[in-house]
Amino acid sequence: GTATMDGLTVSTGVYNINTSGASLISSTGSVKIDIDSDNNATDNRFLITSDGNTKNRLEVGEDGDISFYEDTGTTPKFFWDASTERLGLGTTVPAEILHLNSTSGSARIRMTSSDSTDCMIVFGNQTDNATGAIRFDHSDNSLIFNGYNNSERLKINADGSSVFSGSVTSTGLAVTSKIGRAHV
């Protein structure tokens, strides 16, 4: 059957929506779920589970922490720590703003762009959002390092040759080439 109620209040217990088809909560306005609305606890959470409540899928803590679980539903693998404002992938204790952790192999970041553009990591600060960069240019397959004022300082071409901008200073720099060896 169908029941329509304004201001429905349900007290403690387990409540099931039993249907042979898909269940839906629908609203033409906002929907709000308030965890610990009387503010008398510190560890309440909102959970979405599957397989008869045996596998966690999503957990939102009263403190603002958010966990998304892996396929078995036992270990959070995508975690937002609200108190430190850090995101962890593969860890629930992110040590930096973004912390990647792989316990089964290499931790890698993959960036893919169109064939004629680039992939870039840009470094900046609060007053200058582009102070340096590492860029791979797909149009000529070069790897470029930008330094001070985000200007190109080193370019490694597809053939392995390199172009430096500025000067190279070193104590005991050894350069080896096909025609000989030089010490600077």
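Residues numbered from 1 in each chain as written. Predicted model: local features only at pLDDT ≥ 70, side-chain atom pairs only at ≥ 80, totals over all residues. Heavy atoms only, no water.

A. Representation of the overall build of the chain. When its secondary structure is counted, the chain shows zero helices and 13 strands. Walking the chain from its N terminus toward its C terminus, one meets helices and strands in the order β-β-β-β-β-β-β-β-β-β-β-β-β. In the chain, the proportion of contacts linking residues at least 24 apart, taken out of those at least 6 apart, comes to 3%. (Helix = DSSP H or I, 4+ residues; strand = E, 2+ residues; numbered from the N terminus. Contact = heavy atoms within 4.5 Å.)

B. Examining the pattern of salt bridges more closely. Counting across every chain of the model gives five salt bridges. Among the salt bridges present, the one from Glu59 reaches Arg45, with a minimum N-O distance of 3.5 Å. Residue Glu59 is located in strand β2 (residues 55-61), and its partner Arg45 is located in strand β1 (residues 45-50); the two are separated by 14 residues in the primary sequence. For Arg45, a relative accessible area of 46% gives the class partly exposed. Put simply, Arg135 and Asp137 hold a salt bridge, and the shortest N to O gap is 2.8 Å. The class of Arg135 is partly exposed, set by a relative accessible area of 22%. Connected via shared salt-bridge partners are Asp118, Arg135 and Asp137. (Salt bridge = Lys/Arg side-chain N within 4 Å of Asp/Glu carboxyl O. Buried < 20%, exposed > 50% of the residue type's maximum accessible area, 1.4 Å probe, protein only.)

C. Structural detail: the environment of Asp159. Structurally, Asp159 can be placed in the loop between β10 (152-156) and β11 (162-164). What makes Asp159 exposed here is its relative accessible area of 65%. Spatially, the C-alpha atoms of Asp159 and Ser142 are 8.8 Å apart, while their sequence positions differ by 17 residues. In terms of polar contacts, Asp159 uses its side chain to reach the side chain of Ser161, at 2.6 Å. (Polar contact = N/O pair within 3.5 Å; in protein donor to acceptor, adjacent residues only side chain to side chain.)

D. Spotlight on the packing of aromatic side chains. Enumeration according to the criterion identifies one aromatic pair in this entry. With a centroid separation of 5.5 Å and an interplanar angle of 80°, the aromatic rings of Phe68 and Phe78 are classed as edge-to-face. Placement of Phe68 in strand β3 (residues 66-69) and of Phe78 in strand β4 (residues 76-81) is noted, with a sequence separation of ten residues between them. The class for Phe78 is partly exposed, based on a relative accessible area of 37%. (Phe/Tyr/Trp six-rings, centres within 6.5 Å; stacked < 30°, edge-to-face > 60°.)

E. Focus on the pairing of strand β8 (residues 132-137). Pairing geometry for strand β7 (residues 118-123) and β8, over six bridges, is antiparallel. Residue Asp118 lies in a different strand from β8, and its bridge partner there is Asp137. Following β8, the chain reverses through four residues before pairing antiparallel with strand β9 (residues 142-146); Asn141 in that reversal takes a positive phi of roughly 55°. (Pairing = 2+ DSSP bridges.)

Bear in mind that shape data such as this cannot, by itself, settle questions of function.
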